[in-house]
Amino acid sequence: MARMKFLCDAERCINCNACVTACNNEHDVPWGINRRHVITLKDGESGEKSVSVACMHCTDAPCAAVCPVDCFYTTPDGIVLHDKDLCIGCGYCFYACPFGAPQFPEQGVFAARSKMDKCTFCAGGPLPDNSVEEYQKYGRNRIAEGKLPLCAEMCATKALLGGDGNIVSEIYIQRVTKRGGRPEAWGWETAYNFKSKKE
Amino acid sequence: MNHISYILMVCALLMGPAACSYESRQTTVHEPGVYKGAKDPLLAQQKQQELIDRFKLVQTDR
Amino acid sequence: MEQFNKKWLQRISSEPDPPKNIDRRTFLIRSGMALGSGALMGLLPLSCVRQATTEERKNFPKPGVATEYRHSICNHCSVGCGVIAEVQNGVWTGQEPDYDSPINLGAHCPKGASVRDHGFGYKRVKFPMKLENGAWKRLSWQQAIDQVGDRLLKIREESGPDAVFWCGSSKASNEGAYLQGKFAAFWGTNNVDNQARICHSTTVYGVSSTFGYGAMTNSYNDMHNCKAMLFLGSNAAEAHPVAMQHILRGKENGAKMIVVDPRFTRTAAHADIYARLRSGTDIPFLYGLLWHIFKNGWEDKEFIARRVWDMEDIRKEAEHWPPDVVENVTGVPKDKVYEIAKTMAQNRPSTVVWCMGVTQHHIGTSNTRLFCILQLALGNIGMSGGGANIFRGHDNVQGATDVGPNCHTLSCYYGLAEGAWQHWARVWDVDYEWLKSRFDMSQQYDGGGGKMDYTMNIPGIPVSRWIDGVLEDKANLSQRDNIRAVFFQGHAANSQTRGVEMKKALEKLDMLVISDPYPTHMSVMSDRKNDTYLLPTCTQFETCGSATASNRSLQWREKVIEPIYESKPDHVILYLLAKKLGFANEMFKNIKVTNDEPLIEDVLREINRGAWTIGYTGQSPERLKLHAKHRRTFNTTTLKAEGGPCNGEYYGLPWPCWGTPEMKHPGTPILYDPSKSVAEGGLVFRAAWGTDRNGQNLLAEGVYSKGSEIKTGYPEFTDALLKKMGWWDDLTPAEKKEAEGRNWKTDLSGGIQRVAIKHGCAPFGNGKARCQVWEYPDPIPIHREPLYTPRFDLVKKYPTFQDRKAFYRLPTRYESIQSVNHAIKYPLVFTSGRLVEYEGGGADTRSNRWLAKLRPEMFAEINPKDANDAGIFNGQYIWLEGAEGGRIKVRAMVTPRVGPGTVWTPFHFGGWFQGKDLYDKYPEGTAPYVRGEACNTATTYGYDAVTQMQETKATLCRITPA
Ligand code: SF4
Ligand code: SF4
Ligand code: SF4
């Protein structure tokens, strides 16, 4: 069964934040949080590398395992989603997530934590697809429209790939073969128990 | 005043699982990995081939 | 995950009331309240913001509502990425990737990915306004145009037409920019300019005087074919992010990527070879490469012999630059220079890329010329994978350079001589004598070097120097009076140097008019209290028109949404003003005007009728629209359509697209490439400087474009040449009538071009590229130390120019500044550059919610050593003081990205002045989310000796903790 995956090719990522911005545009993510981040290693030095990270939609998602109200579910193609009506904003998932994906918009004078928000792989949530309610709670549902994550579709250099894991790795391996060097599918081991070249 | 509200809020949150579910979802019993939320209509859709085609259209170097 | 390197920057600190967690609704309520309750707008009912508020409330996609898709082009950089807008009921509700575009293949950088925010325009200027006793007052359009017009006429009466400076824009469409230039001509002045002056003017002069045309020779896409690429003074990863898609594809195809820059940029992070050079030493570095090339015999001898004139003098100059000397002057280690020379020579075709790091110097023109010469030496010009890939800046800066407002030439590089005016008078269908009467004909002035001329024929005051046009003693000007009013349409003042003096100039002006979507730094930076007008102006998404990308392709923009609030597009504002000033009938004689809106297509057709020099003649609106529609059919490497209705044409008909639209020239994808016939987009070097010089042949020898009937060099085509060749009778009778007594540039029938091309010839001749440009101050490029140099010890050996009395109507200083050792007091090199999230002066991008989120503060990059020496730690506020005393208060970002001795700042910030946030000075509700010091408050004097380009990339500063 094919499943959806993200891969950020560090040889191509130029740390431009287009992916982050596309996400903000598509879902109107509130001030103060971003569903996606670009992280840079060795910033400003030789060896500088960037990768764009959001929820990786892990196999056996650790967030789901710790959620005290069991608000997470995984779609048949491996997208990890959650029900905000159930979420209590406890923050356990944030600590469990190896990628720091869960975000908590600050709200109100008490700065109490509200519902968790995270990358949905642009697949909305458990509400009628592309209804106004779904948009307001989870953002737009591109998957239901037959489209893929906007962050990947708009990536400046096609560093960020998001889609069927088999095709993603096929394209990535082609690139690596062409340019030489070792494949470094950042985050794949943690997210998808991906050990070698074959899945 | 704010302080008190804050404490109340925290209490509310702690009791949250029981007190705050507006629908009768059985969230009091924590079963790791067993989803207790609403059903996502997306799950009924079969989009695989469409999404593969879309990937090739948009994300490849062409 | 917690320690994102920019974490400390991740808050919106400059908004006094940070709009944390503002959802769209509260956002609107807040801005509505602000509008309603503000002291100045107290009288305005909420409805004055028209549908905008309601629109904004509905700006997300609605189920069950029909969605229209509109195609436009990103308005932020010269890459020219296609934008797909989803529009529901006239509201811009979504953006989709334009994966059909051969230029971006769906990709965007954050600016392009956020253009939808322009469609909400929370921070836009919402209606015409005027500053009255320090308070912003609302006006109607009629009042604004009347008041501005009356004042202009009064100034004209008292001080002549040259007392007004008209600043146009590279953010305008070709049609808008063209009208901006034409407007100034009809007003009667050459005091008109655009961003190109301070962006790539040195490129345009340097490259055109070497090859014939001053533009990018190849394309971003063609970089798939490079074997090596040298980036100098270009940070493509931040300035042209989507170009990196093509660059990295080239790298994956095996190209070696070399980055040379004072800063280890994000582009450098992808390079195979990186070298750090001292700001302002590009020429020594390039001669360092040439030294190795000549020494090892790596030059392309055959190419040079047949297509290049005077490489000998370059060889001689290169001998002065052996490895030790180069290392001493530039700071680049000897072996690096050798490695780069070898990589470029042994991996051909190799290309060079440069941007403002090279152009913005007082010797910028020499810099760009030497780059061209390097490529000539390596035989890299006129072929796929090679070329001089000059990345232009703004989305339409290439177009504005070509057709738009410039102080040194009429549209399309015709110059300012009488012949040029007569050509355009014919195109415009107005009487030349009438045009003359619009100008100050009372007296002649020093046009430079004591040559007296009328102002009609003297280059105007450039945008880099308008402040001197205001402040200089008028006895020293080559015009009647000082500049008393300025009209800025789409131009950020914080992109020009010497901010402290600019403030003075602004305060001295009788009138300041800013026509822009956003108020801009210019509206708040001075202490003016009166006579400042803000005219709400549309973005390019609220109108249609064409824009020229860096690779010379023209792309058509559809209108995405109707103008929001009360804004009007550039061409409408110009029409209204022309009407008020009394020359609308002449100016729009052949352009259809409906409800005060000139028809954009007609404007392009007029450009088509006049722009023979650079082949803007074949790109009719119909052809451009056809290309847009079938953009999927173009190959993403060659840009050539494979099948479909545009079969064989190149995407966007990259200029020169010769002849009339009916001739169906496919455009020229690679300049000076003789492997194709001219009819198929091939070319040779232009014979623009005569046929011989001191007895040496300036025409090509034994080289000609494919299929040429003349198998060697030939001069430009004229009626006489056609007759001599026996080709005159190939013209139709109508063409003959028009072509008689004219040449390929002035024959409005296009017949001369058509016949030349029919015989396989390039209309502009077949010449040699030249290494020596005898009309320039430095005929052979030589190194001159920056006016503010950290190496005063080198000044004696590499001095600057002598001061000049009249240069673009102004006295211009060189030697008198350089003769002092400024480095004693200001020991650090101060340079500036781009951030990927913002653009230009940043008024629009810093007002964009999604971008503001990412870059909330102005900062300066400082090497750890310099920070320690100054007692500065990461994240603290510092004072950065420029060598002329301008001070900016910014955060310190301590990083090895810059080398010791260099301080770098981004140039997009504005809204602060010398430590003070100017929030309160903005009209209510228009202050950008992110404000900060404009780096140019601290930059200094220094202007290119050919173009008046400002020196921003090599000056001096000192830093202290704040
Ligand atoms: S858009 Fe692509 S290149 Fe830019 S930061 Fe995101 S992943 Fe990297
Ligand atoms: S997949 Fe969608 S929600 Fe997730 S980061 Fe990308 S754009 Fe945002
Ligand atoms: S700014 Fe340039 S690279 Fe970025 S999306 Fe716009 S055109 Fe493309």
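Residues numbered from 1 in each chain as written. Chains lettered and ligands numbered in written order. Predicted model: local features only at pLDDT ≥ 70, side-chain atom pairs only at ≥ 80, totals over all residues. Heavy atoms only, no water.

1. Thoughts on the interface of chain B and chain C
Counting residues at the interface gives six residues for chain B, matched by 11 residues for chain C. Taken together, the two surfaces of chain B and chain C that pack against each other cover about 770 Å², and 42% of this comes from carbon and sulfur. Considering only the surface of chain B that becomes buried against chain C, B:L57, B:D61 and B:R62 emerge as the three largest contributors, covering 73% of it. Linking chain B with chain C are one salt bridge. Among the ionic pairs, B:R54 bridges to C:E96, the shortest N-O distance being 3.4 Å. Counting across the chain B and chain C interface gives six residue pairs in polar contact (both at pLDDT 80 or more). For the side of chain B that touches chain C, a count of residues per class yields two nonpolar, one polar and three charged. (Contact = heavy atoms within 4.5 Å. Buried area = accessible area lost by both parts, 1.4 Å probe. Salt bridge = Lys/Arg side-chain N within 4 Å of Asp/Glu carboxyl O. Polar contact = N/O pair within 3.5 Å; in protein donor to acceptor, adjacent residues only side chain to side chain. Nonpolar A, V, L, I, M, F, W, Y, C, P; charged D, E, K, R; others polar.)

2. Quick word on the packing of aromatic side chains
Aromatic ring pairs are described here by two measures, namely the spacing of the ring centres and the angle between the planes. For the structure shown, the criterion picks out 48 aromatic pairs over all chains. Plain terms: the ring middles of A:Y73 and B:Y35 are 4.4 Å apart, the flat faces sit at 40° to each other, and that makes the pair tilted. Taken together, the residues A:Y73 in strand β4 (residues 72-74) and B:Y35 in the loop between α1 (2-19) and α2 (48-58) connect one chain to another. Grouping aromatic residues by their ring pairs yields a cluster made of C:W166, C:Y178, C:F183, C:F186, C:W187, C:Y414, C:W424, C:W428, C:W434, C:F487 and C:F583. Across from the ring centre of A:F6, 4.6 Å away, lies the NZ or CZ of A:R36, which sits over that ring. The aromatic ring of C:F60 is capped on one face by C:K62, whose charged end is 3.8 Å from the ring centroid. (Phe/Tyr/Trp six-rings, centres within 6.5 Å; stacked < 30°, edge-to-face > 60°. Helix = DSSP H or I, 4+ residues; strand = E, 2+ residues; numbered from the N terminus. Lys NZ or Arg CZ within 6 Å of the ring centre and 35° of its normal.)

3. Details of the site of ligand 2
Around ligand 2, a shell composed of A:F6, A:C23, A:H27, A:R35, A:R36, A:A54, A:C119, A:T120, A:F121, A:C122, A:P149 and A:C151 is seen. Taken together, the residues of the shell around ligand 2 sort by class into eight nonpolar, two polar and two charged. (Near = heavy atom within 4 Å.)

4. A short note on the interface of chain A and chain C
Reports often express the size of an interface as the amount of accessible area lost when the parts come together. In this assembly, 54 residues from chain A lie in contact with 58 residues from chain C. With both chains or domains summed, chain A and chain C bury close to 4,600 Å², and 54% of this area falls on carbon and sulfur atoms. The largest share of the area that chain A buries against chain C comes from A:N25, A:W31 and A:M154, three residues that together contribute 19% of it. The interface formed by chain A and chain C includes nine salt bridges. Among the salt bridges present, the one from A:K147 reaches C:E96, with a minimum N-O distance of 3.3 Å. Where chain A meets chain C, there are 25 residue pairs in polar contact (both at pLDDT 80 or more). If you list the elements that add at least two residues to the side of chain A that touches chain C, you get α1 (18-27), β2 (37-41), β6 (106-107), α4 (132-138), α5 (150-153) and α6 (165-179) of chain A. No other element matches the seven residues that α1(A) contributes to the side of chain A that touches chain C.

5. Things to note about helix α16 (residues 418-428) of chain C
Residue and element names in this part refer to chain C. Listing the buried residues of α16 in full gives A420, W421, H423, W424, A425, V427 and W428. Buried-residue contacts for α16 involve α4 (174-187), α17 (432-438) and α22 (600-610). Positive backbone phi, approximately 65°, marks D429, located one or two places after α16. (Buried < 20%, exposed > 50% of the residue type's maximum accessible area, 1.4 Å probe, protein only.)

6. Remarks on the site of ligand 1
Taken together, 14 residues are adjacent to ligand 1, and A:C13, A:C16, A:N17, A:C19 and A:C155 come closest. Here the residues of the shell around ligand 1 are counted per class, giving 10 nonpolar, four polar and no charged.

7. Description of the side chain of C:H292
Tracing the backbone through its elements, the reader meets C:H292 in helix α8 (residues 282-295). Residue contacts for C:H292: discarding those within four places in its chain leaves C:W298, C:P323, C:V337, C:Y338 and C:A341.

8. A short note on the packing of α8(C) against helix α12 (residues 334-346) of chain C
Residue and element names in this part refer to chain C. Interaxial distance between α8 and α12 falls to 9 Å at its minimum, and their mutual angle equals 65°. Handedness of the crossing formed by α8 with α12: right-handed. Contacts between α8 and α12 involve F285, G288, L289 and H292 from the first element and V337, Y338, I340 and A341 from the second. Its residues placed into classes, the contact of α8 with α12 shows six nonpolar, two polar and no charged. (Axes fitted to C-alpha atoms, helices over the stretch in contact; angles between N-to-C directions. Left-handed = near helix turned anticlockwise from the far one by under 90°.)

9. Considering helix α5 (residues 201-208) of chain C
All names here are of chain C. Of all the eight residues making up α5, seven are buried; the element is thus mostly covered by neighbouring parts of the structure. The complete set of buried residues in α5 reads S201, T202, T203, V204, Y205, G206 and V207. Where α5 is buried, its residues meet β12 (350-354), α13 (356-359), α14 (364-377), β13 (388-390) and α15 (397-403).

10. Details of the sheet that holds strand β29 (residues 859-862) of chain C
Each strand in a sheet pairs with its neighbour through backbone hydrogen bonds, running either in the same direction (parallel) or in the opposite one (antiparallel). Residues and elements named next belong to chain C. Here six strands make up a closed barrel; going around it, the order is β28-β32-β29-β31-β30-β36 and the pairing mixed. Taking each pair of neighbouring strands and ignoring which way they run, the sheet shows an average axis angle of 45°. Relative to strand β31 (residues 887-894), β29 runs parallel, the two being bridged by four bridges. Counted as the bridge partner of A860 is A892 from β31. (Pairing = 2+ DSSP bridges.)

Treat this as a map of the structure, not an account of what it does.
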